[in-house]
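Observations on chain architecture
Chain residues, written in single-letter form:
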Amino acid sequence: MGRRSERLSKQGMLAGDLNGDGDVIQVVSRAFDVLRCFEGHEARLGNLEISNRCGLPRSTVSRLTHTLTRMGQLVYLPRDQKYRIGPSAVAMSTSMVRGLQLRNLIRLRLQDVAEQLPGTVGFVIPDRFHLVYLEYGRAARAIGLHSTTGDRIAMASTAAGHAYTAALDVDVGNALLAEMEREIPEEAKLLRARIEANRRFLREHGYVVACGLWSPHINGLAVPLWSPQYQTFVVVTIGLLSAMYDEKRLHREVAPTMLELSAAIGGMLENADLFHNRLQDPAIPAPQENHRRGCE
């Protein structure tokens, strides 16, 4: 199959491939960019709004939305002169979600940890420069974090994103950063400044922390898990109020609990042949007593 197929099978499509290099068809990539603009089944967007969101010319967007409507991926609303997600897209996403039979068990695990700490705990999967909540748990008294299933979070400003990019092979991570620098340079700058430290910390301790990136009031910690099914990393992450959980408390109290949670979820998924909990061989190490600083 050759080196290219090995790279793709190892960690999914490289970010650079989305720029039109090699055998990637740009129109397909752009069609998915259009669909990504619709966050939630109720979202209604016109061609101009879609153009502004995904950075494509309005004429290109018009051709794409026409094609996607003919395919059932979008529905045109004449009265509003806008589009919304169509039945084919809903059916496809529902079919994919149905395959993850352990979602309810995962949600219960996340909720247990969320109540214990307390905070918002998420199980997220990557989507280009973002991660999407597949499941979440949130303590009733958690303040400041209101993410829910299907929400998208930026890689550059979250603990989950920093953990995901740190877990990628160096060449894959660098390709992703290069693509981000072309499209969202300010976010790429934030991520690049920390990626080497994140990589070292992840190798030593098995998790990554990010303090005050998304909000000055929120500190986060995340653990990446390798997924053979999707040939990439998924992430278990938590956000907590910085006033309650400073950096030292994250390492001392939160990290052991999150590593246990990730191991439990990884074991559940491995037994079901859906995912395999593997960051590297040997297994993710337990947190050590003396941590070097993970968030500056």
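Everything in this summary refers to the structure shown in the same document.

1. Here's the deal with helix α7 (residues 159–167)
Counting buried residues in α7 gives nine out of nine residues, a clear majority hidden from the surface. For α7, the full list of buried residues reads Ala159, Ala160, Gly161, His162, Ala163, Tyr164, Thr165, Ala166 and Ala167.

2. Description of the pattern of salt bridges
Considering all chains together, one arrives at 14 salt bridges under this definition. Note that Arg152 is salt-bridged to Asp127, the shortest N-O span being 2.5 Å. With Arg152 in strand β5 (residues 152–154) and Asp127 in strand β3 (residues 120–127), the pair connects residues that are 25 residues apart, well separated along the chain. The class for Arg152 is partly exposed, based on a relative accessible area of 22%. Asp127 sits in the buried class, given a relative accessible area of 17%. Each of the salt bridges in this network shares a partner with another, and the network as a whole consists of Asp33, Arg36, Asp127, Arg128, Arg152, Glu179, Arg182 and Glu183.

3. Some points on the pairing of strand β8 (residues 232–241)
Among the ten residues of β8, nine are classified as buried, and the element is accordingly described as predominantly covered. Bridge count for β3 against β8 is five bridges, and the pairing is antiparallel. Its bridge partner lying in β8, Val121 is registered against Ile238.

4. Concerning the nonpolar core
With 29 residues, the main nonpolar core has Val124, Leu131, Ala160, Tyr164, Leu176, Met180 and Val235 as its most contacted residues. At the level of elements, β4 (130–138), α7, α8 (170–183), α9 (185–205), β6 (208–211), β7 (218–227) and β8 are the ones that each hand at least two residues to this core. If you look at the next biggest cluster of nonpolar residues, it comprises 28 residues, including Val121, Phe123, Val223 and Ile265.

Thresholds applied
Residues numbered from 1 in each chain as written. Predicted model: local features only at pLDDT ≥ 70, side-chain atom pairs only at ≥ 80, totals over all residues. Heavy atoms only, no water. Buried < 20%, exposed > 50% of the residue type's maximum accessible area, 1.4 Å probe, protein only. Helix = DSSP H or I, 4+ residues; strand = E, 2+ residues; numbered from the N terminus. Salt bridge = Lys/Arg side-chain N within 4 Å of Asp/Glu carboxyl O. Pairing = 2+ DSSP bridges. Core = buried A, V, L, I, M, F, W, Y, C linked by side-chain atoms within 4.5 Å.

Read these as geometric descriptors, not functional statements.
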